[in-house]
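Letter by letter, the chains look like this.
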Amino acid sequence: MSRLLSSALSLRRDPRMLKVPPYLSLLCIVVGVVWLFLLPLNEYSRKNYISENALLPGQVHTYFGGSEQHVLRAYRNELIEVEDKTNIQVNDRLEKILRGVGIKVGRQNYTFNAAGEDYSGENLYGILQAPRGDATEAIVLVAAWKAVDDQINRNGVALALTLARYFKRWSLWSKDIIILFSADSKAGTQAWVDAYHDAHDPNHVASLPLKSGALQGAVAIDYPSDQRFDALHVIYDGTNGMLPNLDLINSIANIASGQMGMTFFVQKMRHHSGSYSHRLDTMLRGMMNQGLGYAAGPHASFLPYHVDAVTLQPYGKGWHDEMGMGRVIEGSFRSLNNLLEHLHQSFFFYLLMQKDRFVSIGTYLPSAMLLAANFTIMAIFMWVKSGQPAQKAETKTTNEAEETAQTDGALKGSSSTTVAAPQTVVERDLFLPLSVVAGCHSISVIPLFLFNHLPASLLSPAFAIVTLISAVLPFIISQLLQTLAKPTMQHFQLIKSFSLLILGMTLSTLATLNFSLAFIVGLLSSPLTFIGPSNSPMLKWSVGGLLNLIAPPVIIYTASQFWGIEITDVLRAASFGWNVWGMYTPIVFWCVWWPAWLVGMINVFGTP
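Each value, and the rule that gives it
- Residues numbered from 1 in each chain as written.
- Predicted model: local features only at pLDDT ≥ 70, side-chain atom pairs only at ≥ 80, totals over all residues.
- Heavy atoms only, no water.
- Helix = DSSP H or I, 4+ residues; strand = E, 2+ residues; numbered from the N terminus.
- Buried < 20%, exposed > 50% of the residue type's maximum accessible area, 1.4 Å probe, protein only.
- Contact = heavy atoms within 4.5 Å.
- Areas by Shrake-Rupley, 256 points an atom, 1.4 Å probe, with all protein chains shown as cover.
- Pairing = 2+ DSSP bridges.
- Axes fitted to C-alpha atoms, helices over the stretch in contact; angles between N-to-C directions.
- Core = buried A, V, L, I, M, F, W, Y, C linked by side-chain atoms within 4.5 Å.
- 1 Å grid on protein atoms, 1.4 Å probe; cavity = no way out; pocket = protein on both sides within 12 Å on 5 of 7 lines; lining within 4 Å.
- Points joined across faces, edges and corners; volume = space filled by probe spheres on them.
- Nonpolar A, V, L, I, M, F, W, Y, C, P; charged D, E, K, R; others polar.
- Parallel < 35°, antiparallel > 145°, perpendicular 65-115°, else oblique.
- Left-handed = near helix turned anticlockwise from the far one by under 90°.
- Polar contact = N/O pair within 3.5 Å; in protein donor to acceptor, adjacent residues only side chain to side chain.
- Phe/Tyr/Trp six-rings, centres within 6.5 Å; stacked < 30°, edge-to-face > 60°.
- Lys NZ or Arg CZ within 6 Å of the ring centre and 35° of its normal.

Taking an unreviewed UniProt entry as the reference, the chain is identified by name as Gaa1-like protein belonging to Stachybotrys elegans.

Next comes the structure, spelled out in structure tokens:
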């Protein structure tokens with residue numbers, strides 16, 4: 001045992017061990033990326049199943065239809081008359097209809113400000129009290145006046161009114177049903193949900209005059225078209241990558257495809273063959289939506305409050321009509337009505353490959369963790385290396401003169417013998433490295449503040465200025481360090497160590513909350529692991545130019561051009577997400593990724 005211990009200690013002191021970490025980091029990156037591309041295979045994904053047996057989806061006969069179609073058409077004609085009216089006038093008409101059915105009605109005003117623009121309106125909602133309940137639980141049906149694409153949600157609102165009238169006649173409900181007509185699909189729903197949970201700012205969002213019990217689930221209808229549809233698209237992505245319980249999606253899929261015979265799909269993958277390429281495409285689309293953290297529909301406002309919700313969108317041209325859509329919602333609400341407790345048994349973290357296949361967090365999480373571990377390994381390696389003395393040798397010649405040899409082992413004099421110097425740990429100068437890293441992270445709040453508070457007209461010029469400053473700032477800081485502090489190689493090693501350590505810890509923590517965002521940032525930051533200072537001007541400028549291609553501002557601009565979106569619209573949406581939804585993607589971009597890139601560029605232009 002003692003011999004084994006001594007061998008381990010000697011191996012730890014072996015200088016050859018210091019050659020391993022860079023290769024280990026590269027291995028983590030490669031394995032992490034390969035791991036992700038293995039997920040669509042059958043061996044790594046699972047077939048969807050329903051964990052909560054109380055839901056019993058598709059086990060009941062739905063009765064919505066028949067004469068209800070005439071009611072829906074009448075409501076739709078009434079809505080057509082007020083399409084060009086103000087939000088208040090529309091709500092007056094909706095309130096009259098709900099009160100005529102016998103439903104209690106409440107109204108709520110709100111005003112949000114983002115990118116110098118006001119987002120204001122009035123929400124209207126009605127509470128259908130459960131005949132067999134005690135007002136302790138409720139289910140929400142959302143029909144925003146403006147659909148996700150800003151069209152008038154004519155069929156969606158008319159269907160919600162018809163369902164409210166239809167549900168009122170049934171005595172089987174054990175949970176209250178709330179019918180919410182928000183002014184739009186973004187700010188309106190958020191204002192209502194915040195106020196329902198008393199998490200609103202009274203200066204901007206009014207309190208709710210009526211409330212029910214704890215919300216158990218929500219379904220939003222996004223149905224602006226009047227034509228018959230071919231398939232049902234479910235939107236489940238939420239703010240900051242949050243997802244509803246998988247049982248809710250599986251239940252609706254079971255009802256729509258199994259009972260109603262509708263084609264059911266996710267992530268806009270209408271024609272999904274189940275092949276590897278289609279699964280990979282669906283997964284990557286889901287990761288992109290999750291990584292951006294932007295709310296994809298009105299359902300997203302419920303997810304931060306642990307209320308499982310989805311948005312349903314009819315798609316294409318086919319033979320299904322509003323009655324089929326109504327029966328899907330009726331079946332979904334009757335399943336939610338069966339719940340004895342909040343949805344909790346199935347998955348909250350998953351990647352959907354198709355409508356009936358998914359990957360759980362235990363399978364996909366290692367890929368992001370490996371990317372984060374790569375930074376931590378190199379941070380520890382840089383810390384160890386910074387404590388090593390410069391390699392020297394004591395040389396004794398025949399004339400008893402002692403000279404110091406360089407690391408390549410070159411010896412001066414004749415007939416000399418070399419004696420290895422004892423290995424010691426040199427003292428580390430931490431003040432300068434800590435100041436550089438802390439300074440870079442401190443100035444990162446400037447772009448974060450600017451892009452979340454500037455008016456929309458100034459966002460594009462400000463972005464151009466920040467992009468230009470980002471390109472020249474590392475060179476300026478490097479010259480100032482060279483002039484004022486004369487940094488040594490140890491300083492640059494410690495600067496890199498501290499920066500990578502922060503990046504690794506942040507991404508490993510973020511991966512458990514938003515896997516996709518942690519993976520995207522980790523992959524784009526991976527070149528920072530292998531860069532360092534050099535005395536070759538050509539090498540400095542070559543590496544600096546390549547790193548500028550993956551600078552956060554450049555990546556944002558390139559992505560916006562790839563998707564055909566104006567950079568002003570991207571920044572306006574980010575500002576709206578920050579100020580209204582509490583989206584933390586800008587923090588990760590500007591306060592984690594950007595300072596790590598900035599420190600890496602400073603290291604590239606450094607001259608020890």
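Peer 1: For the overall build of the chain, give the residues involved together with the corresponding values.
Peer 2: Each helix and strand counted, the chain has 19 helices and 14 strands in total. In terms of principal-axis extent, the alpha carbons of the chain reach across some 115 × 55 × 40 Å. Here the chain holds 608 residues, and the buried ones make up 51% of them. Sequence separation of 24 or more characterises 81% of the internal contacts of the chain that already satisfy a separation of 6 or more. If you sum the accessible surface of the chain, you get close to 27100 Å²; carbon and sulfur atoms cover 60% of it.

Peer 1: Could you give me a rundown of the sheet that holds strand S10 (residues 350–354), with the residues and numbers involved?
Peer 2: An order of S1-S11-S10 is seen for the 3 strands of this open sheet, with the pairing classed as antiparallel. In this open sheet, the two edge strands, each paired with only one partner strand, are strand S1 (46–47) and S10. Note that S1 and strand S11 (residues 357–360) share 2 bridges and pair antiparallel. Paired with Lys47 across the strands is Arg357, a residue of S11. Packing of helix H10 (residues 361–386) onto the sheet brings it into contact with S10 and S11, and relative to S11 it is tilted by some 60 degrees.

Peer 1: Summarise the nonpolar core; cite the residues concerned and give the values.
Peer 2: Grouped together as the largest cluster of nonpolar side chains are 71 residues, with contacts concentrated most on Leu39, Met283, Leu351, Phe451, Phe515, Leu547 and Trp590. With residues up to four places along the chain from it excluded, the contact list for Phe451 reads Leu459, Ala462, Phe463, Val466, Leu571, Ser575 and Trp590. Judged by nonpolar contacts, the second largest core, of 66 residues, contains Ile97, Leu159, Tyr166 and Leu232.

Peer 1: Could you give me a rundown of empty space enclosed by the protein, with the residues and numbers involved?
Peer 2: Scanning all chains against the criterion turns up 4 cavities of 30 Å³ or more. Of the pockets and cavities examined, the largest cavity occupies roughly 70 Å³. Lining the largest cavity are Tyr236, Asp237, Leu243, Thr282, Met283, Gly286, Gln290, Tyr350, Leu351 and Leu352. Counting residues per element, the ones that place at least two in the lining of the largest cavity are helix H8 (276–292) and S10. Here the lining of the largest cavity gets 4 residues from one element, more than from any other, and that element is H8. Looking at the lining of the largest cavity, its residues break down into 6 nonpolar, 3 polar and 1 charged. Taken as a whole, the second largest cavity holds about 50 Å³ of empty space. Taken together, Lys496, Ser499, Leu500, Leu528, Ala596, Val599, Gly600 and Asn603 form the lining of the second largest cavity. Considering each element in turn, the lining of the second largest cavity owes the most residues, 4 residues, to helix H19 (residues 585–605).

Peer 1: Just give me the short version of the environment of Asp118, but keep the residues and values in it.
Peer 2: Following the sequence through the fold, Asp118 ends up in strand S3 (residues 117–128). Exposure remark for Asp118: the relative accessible area of 56% places this residue in the exposed category. Ignoring anything within four residues of it in the chain, the contact list for Asp118 reads Thr111, Phe112 and Asn113.

Peer 1: Describe the packing of helix H14 (residues 489–511) against H19, naming the residues involved and giving the relevant values.
Peer 2: Closest axis-to-axis distance for the H14/H19 pair is 10 Å, and the angle between their directions is 155 degrees. If you check the angle between H14 and H19, you find them roughly antiparallel. The handedness of the crossing between H14 and H19 is left-handed. Residue-level contacts link Phe492, Ile495, Lys496, Ser499, Leu503, Thr506 and Leu510 of H14 to Val588, Val592, Ala596, Val599, Ile602 and Asn603 of H19. Across the contact of H14 with H19, the residue classes tally to 9 nonpolar, 3 polar and 1 charged.

Peer 1: Please give an account of the sheet that holds S3 that cites residues and values.
Peer 2: The 8 strands are arranged S2-S3-S5-S4-S6-S9-S7-S8 in an open sheet whose pairing can be described as mixed. Edge strands, defined here as strands with exactly one partner in the open sheet, are strand S2 (104–114) and strand S8 (263–266). Across the sheet, the mean angle separating the axes of adjacent strands is 25 degrees when strand polarity is ignored. Note that strand S6 (residues 214–221) and strand S9 (residues 309–320) share 4 bridges and pair parallel.

Peer 1: Explain helix H15 (residues 515–525) to me, and be specific about the residues and the numbers.
Peer 2: Helical geometry: 3.6 residues make up each α-helical turn, so side chains three or four residues apart lie on a common side. Extensive coverage of H15 is indicated by the burial of 8 of its 11 residues. Of the residues making up H15, those classed as buried are Phe515, Ser516, Leu517, Ala518, Phe519, Val521, Gly522 and Ser525. At its buried positions, H15 is contacted by helix H2 (20–38), H8, S10, H10, H14 and H19.

Peer 1: Any chance you could break down the side chain of Gln354 for me, citing the residues and the numbers?
Peer 2: By secondary structure assignment, the location of Gln354 is in strand S10. On the basis of relative accessibility, which here comes to 15%, the residue Gln354 falls in the buried class. Separated by 3.0 Å, the side chains of Gln354 and Arg279 make a polar contact. Polar contacts involving the side chain of Gln354 include one to the side chain of Asp356, which spans 3.0 Å. Once residues lying within four places of it in the same chain are set aside, the contact partners of Gln354 are Val266, His272, Gly274, Arg279 and Thr282.

Peer 1: Can you break down the packing of aromatic side chains residue by residue, with the values?
Peer 2: If you walk through the whole model with that rule in mind, you get 28 aromatic pairs. Judged by centre distance (4.8 Å) and plane angle (70 degrees), the rings of Tyr119 and Phe576 are edge-to-face. Taken together, the residues span a long stretch of sequence, with Tyr119 in strand S3 and Phe576 in helix H18 (residues 567–581) at a distance of 457 residues. With 4.9 Å between their ring centres and 70 degrees between their planes, Phe167 and Trp173 make a pair best called edge-to-face. Pairwise contacts between aromatic rings join Tyr63, Phe64, Tyr166, Phe167, Trp170, Trp173 and Phe333 into one cluster. Of note, Arg334 hangs over the ring of Trp170, and the distance from its end group to the ring centre comes to 5.6 Å. The positively charged end of Arg428 is found above the aromatic ring belonging to Trp383, 4.0 Å away from the centroid.

Peer 1: Now, about unusual backbone geometry: what can you tell me, with residues and values included?
Peer 2: A positive phi angle, near 70 degrees, is found at Asp150, a position not held by glycine. A positive phi angle is found at Lys486, which is not glycine, with a value near 50 degrees. Within the secondary structure layout, Lys486 lies in the loop between helix H13 (456–484) and H14. Look at Lys486 and you get exposed, because its relative accessible area is 56%.

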